[in-house]
Amino acid sequence: MAKNIYVGNLSWSTTNEDLHSLFAEYGDVTSARVIEDRETGRSRGFGFVEMDDDGATKAIEALNGSNFMGRDLRVNEARPRERRPRW
């Protein structure tokens, strides 16, 4: 079973590949995506990584609060997106 992980406070220059390599040390990464602004294409400073349960637990423990590319990461299990009303 794969787990979805939220990764916050990313450096603006972080790529999907950077994210993938960082988490690959802890287990099998299914996907790693830095979220970009729809209009500008620039990073929004956070992303999501999907990986196996075991690796996810290890990665969250090891990487939450750690320094990556000059920023202290916030890493935790992703929560389902809240539905917001569209105006």
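Our structure is the block above this text.
Throughout what follows, the structure given in this document is the object of discussion. (Residues numbered from 1 in each chain as written. Predicted model: local features only at pLDDT ≥ 70, side-chain atom pairs only at ≥ 80, totals over all residues. Heavy atoms only, no water.)

1. Regarding the sheet that holds strand β6 (residues 74-77)
Working step 1: Read across the sheet, four strands follow the order β2-β3-β1-β6 without closing on themselves; strand pairing throughout is antiparallel. The open sheet has two edge strands, β2 (29-36) and β6, and neither has a second partner. Direction aside, the axes of adjacent strands within the sheet are offset by 20° on average.
Working step 2: In this sheet, strand β3 (residues 43-52) lies alongside β2 in antiparallel orientation, the contact comprising six bridges. Considered in β3, the bridge of Val34 is made with Gly47.
Working step 3: Set on the sheet, helix α1 (residues 16-24) makes contact with β1 (2-8), β2, β3 and β6; between it and β2 the angle comes to about 140°. (Pairing = 2+ DSSP bridges. Helix = DSSP H or I, 4+ residues; strand = E, 2+ residues; numbered from the N terminus. Axes fitted to C-alpha atoms, helices over the stretch in contact; angles between N-to-C directions. Contact = heavy atoms within 4.5 Å.)

2. A few points about the packing of aromatic side chains
Working step 1: What the rule picks out here adds up to three aromatic pairs.
Working step 2: Ring geometry for Phe46 versus Phe48: centroids 6.0 Å apart, planes at 90°, classification edge-to-face.
Working step 3: Look at Phe46 and you get buried, because its relative accessible area is 19%.
Working step 4: Within the aromatic cluster, the residues linked to one another by ring pairs are Tyr6, Phe46 and Phe48.
Working step 5: Lying over the aromatic face of Trp12, Arg71 brings its terminal NZ or CZ to 5.9 Å of the ring centre. (Phe/Tyr/Trp six-rings, centres within 6.5 Å; stacked < 30°, edge-to-face > 60°. Buried < 20%, exposed > 50% of the residue type's maximum accessible area, 1.4 Å probe, protein only. Lys NZ or Arg CZ within 6 Å of the ring centre and 35° of its normal.)

3. A closer look at α1
Working step 1: When we look at burial in α1, the residues that qualify are Leu19, Leu22 and Phe23. Buried residues in α1, looked at end-on, bunch into an arc of 90°, giving them a common side.
Working step 2: Buried residues along α1 sit against β1, β2, β3, α2 (53-63), β4 (67-68) and β6. (Arc of directions from axis to C-beta.)

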